[in-house]
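Fold and geometry: a report
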Amino acid sequence: MKRVSILGVPFIHTTMKDFIYLLQERIVQKEKTFIVTANPEIVMKANEDEDYMNIIRKANFVTADGIGVVKAAKLLNDPLPERVTGFDMMQELLKAADQHHHRVYLLGAEEAVLQGAMTKIVEEFPGVEIVGGHHGFFDWEQNDIASDIKRLEPDLVFVALGLPRQEQWIAQHFALFEKGIFIGVGGCFDVLAGKVERAPEFWQKANLEWFYRLMKQPTRLKRMLALPHFVFKVYGQKLKGKK
Ligand code: UDP
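Below or above, wherever it landed, is the structure these notes cover. Along every chain, residues carry numbers that run from 1 in the direction the sequence is written. Local features in this predicted model are restricted to residues whose pLDDT is 70 or higher, and side-chain atom pairs enter the listing and the counts only when it is 80 or higher, whereas totals over whole chains, interfaces and linings include all residues. Values reported for side chains reflect all heavy atoms of the structure, with hydrogen atoms and water molecules removed beforehand.

The next thing to look at is the overall build of the protein chain. Per the convention used, a helix needs a DSSP run of H or I reaching at least four residues, while a strand needs a run of E reaching at least two, with both numbered from the N terminus. Helix and strand counts for the protein chain stand at 13 helices and eight strands. A compact globule built from 243 residues would reach a C-alpha radius of gyration of about 18 Å, and the protein chain, at 17 Å, matches this within 12%. For the protein chain, the C-alpha atoms occupy an extent of roughly 50 × 35 × 35 Å along the three principal directions. Residue burial in the protein chain is summarised as follows: out of 243 residues, 49% are buried. Working rule for contacts: check all heavy atoms of both residues, and any pair within 4.5 Å makes them a contact. Of the contacts made within the protein chain by residues no fewer than 6 positions apart, 74% connect residues no fewer than 24 positions apart. For the radius of gyration, the atoms used are the C-alpha atoms, and the globule rule reads 2.2 Å times the number of residues raised to 0.38. Think of it in three bands: with a 1.4 Å probe and only protein chains considered, a residue is buried below 20% of the maximum accessible area for its type, exposed above 50%, and partly exposed in between.

Spelled out as structure tokens, the structure:
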């Protein structure tokens, strides 16, 4: 599959539809898969932290989570077809899981949020088999979560620990698992559980979801400052003509 390199992060060149199709194939073939949904903040973090960059490069697929990534690809004359965000991907995977009765495990968020997200999935996607879950505030040395996941053999494992912990956790335990699609989904359980609202469609269509989130959670401002830095560095890559 074609990849587009942005500041050293190899994004897959795909649409959501094609990617979900590919993942369904991988579930059938029991091909273990590690997916990173990367926004500009992740790209910047990877550029500052070599270990994190190495983890991201180990993933089977990195998708363009955020309009900033799509715009950067265009600027580099190597366009990506569309955003493939963590939240939308989770919805699409759950839709397919509903039809095919896939086994799902949820790792992350506060206990109440995790329970809320599970309840929502059961209501909305009754065909999904939730085989287990664990909140996201555990001791890093604790290995029983990974051994539980191995034993339960889920088809899909959603990991909502925020960056960079979700990618670090997946990378650290990946060798143990025999199958499963592992994907870091950031704050998605909070959205599912109704703790955090997703931007209304108008804001999403106008590519202003980031602005809506900033208004709702002004504490995100510091994190969002990664964005101008990202734009600056992408221009640097363009000038150098480097991939
Ligand atoms: N989280 C967690 N364990 C931690 C830190 C965070 O489970 O040690 C959860 C947090 O409760 C939230 C999610 O990770 O549900 C990600 O939060 P954030 O809003 O930072 O996500 P992002 O913006 O990175 O998608």
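We are not done yet, so read on.
Turning our eyes to something else, we now look at the side chain of E167. Mapped onto the elements, E167 comes out in helix α8 (residues 165-173). In this tally Asp and Glu are treated as negative and Lys and Arg as positive; neither His nor the chain ends contributes. Note on definitions: salt bridges are taken to be side-chain nitrogens of Lys or Arg within 4 Å of carboxyl oxygens of Asp or Glu. Buried E167, no salt bridge; nearest opposite-charge side chain is K45, N-O distance 9.6 Å. Other than its neighbours up to four places away in sequence, E167 contacts F34, V36, I42, Y52, I55 and G184.

Right, let's get into empty space enclosed by the protein. Regions of empty space are outlined by a rolling probe, equal in size to a water molecule, passed over the atoms. With a 1 Å grid laid over protein atoms only, a set of points is called a cavity when a 1.4 Å probe fits there but cannot get out and a pocket when it is open yet has protein on both sides within 12 Å along at least five of seven lines; lining residues have an atom within 4 Å of a point. Grid points are joined across faces, edges and corners, and a volume is the space filled by probe spheres set on the points. Inspection of the entire model under this criterion finds two cavities of 30 Å³ or more. The volume enclosed by the largest cavity comes to roughly 40 Å³. Approximately 30 Å³ is the volume found for the second largest cavity. As for the second largest cavity, its lining consists of R26, I27, K30, E31, D155, K179, G180 and I181. Here the lining of the second largest cavity is composed, by residue class, of two nonpolar, one polar and five charged. Three residue categories are used. Nonpolar comprises Ala, Val, Leu, Ile, Met, Phe, Trp, Tyr, Cys and Pro, charged comprises Asp, Glu, Lys and Arg, and polar comprises the others, including Gly.

The next thing to look at is the nonpolar core. Formed by 45 residues in total, the largest nonpolar core has its most connected members in I6, F11 and W169. Among the elements that make up this core, the one with the highest residue count is helix α4 (residues 67-75) (five residues). Residues in contact with I6, not counting those within four places in the same chain, are F11, V43, V69, A72, A73, L76, L80, F230, V234 and Q237. Buried Ala, Val, Leu, Ile, Met, Phe, Trp, Tyr and Cys residues that are joined via side-chain atoms within 4.5 Å together make up what is termed a nonpolar core. One finds I12, F19, I27 and V104 within the second-largest nonpolar core, a separate group that totals 34 residues.

The next point concerns the site of the ligand. The nearness test applies per residue and asks whether one of its heavy atoms lies within 4 Å of the molecule or strand. Surveying the vicinity of the ligand reveals 15 residues, the closest of which are A109, G136, R165, D190 and R223. Polar contact is defined as a pair of N or O atoms within 3.5 Å, subject to the rule that within protein one atom must be able to donate a hydrogen and the other to accept it, and that residues adjacent in sequence are counted only when both atoms are side-chain atoms. Interatomic distance of 3.1 Å between a backbone N/O atom of G187 and an oxygen atom of the ligand. Side-chain polar atom of D190 to an oxygen atom of the ligand: 2.3 Å apart, as the coordinates give it. Computed with a 1.4 Å probe, the accessible areas rest on the Shrake-Rupley method; for each residue, only the protein chains presented here act as cover. The protein chains hide 75% of the 550 Å² of surface that the ligand would expose on its own. Class assignment of the residues belonging to the shell around the ligand gives a composition of five nonpolar, five polar and five charged.

Moving on to the pattern of salt bridges. Applying the stated criterion across every chain yields a total of 14 salt bridges. A salt bridge links E31 to R26, with the shortest nitrogen-to-oxygen separation between them at 3.8 Å. On the basis of relative accessible area, R26 is assigned to the buried category, the value being 15%. Residue D148 pairs with R151 through a salt bridge whose shortest N-O separation is 2.8 Å. Taken together, the residues D148 and R151, both in helix α7 (residues 144-152) and three residues apart, mark about one turn of the helix. Among the ionic contacts, a cluster of salt bridges with common partners joins R83, D88, R198 and E209.

Quick look at unusual backbone geometry now. The phi angle of most residues is negative, glycine excepted, and most peptide bonds adopt the trans form. The omega torsion of the bond from L163 to P164 falls at 0°, within 30 degrees of zero and hence cis. Tracing the backbone shows P164 in the loop between β7 (156-160) and α8. Despite not being glycine, L7 has its phi angle at roughly 50°, a positive value. At N207, a residue that is not glycine, the phi angle is positive and equals roughly 60°.

Moving on, we get to the sheet that holds strand β8 (residues 181-184). Between any two strands, pairing holds if DSSP finds at least two bridges. Judged by pairing direction, the sheet is parallel, and its six strands sit side by side in the order β4-β3-β8-β7-β5-β6 without closing on themselves. Looking along the sheet, the strands with just one partner apiece sit at the ends: β4 (61-64) and β6 (129-134). The average angle at which neighbouring strand axes cross in this sheet is 20°, direction not considered. Alignment of strand β3 (residues 33-38) against β4, held across four bridges, turns out to be parallel. Residue pairing across strands places V36 opposite V62, the latter belonging to β4. Angles run from 0 to 180 degrees between N-to-C directions of axes, and those axes are lines fitted to C-alpha atoms, restricted for helices to the stretch in contact.

In short, the description is geometric, and any link to function would need to be established separately.
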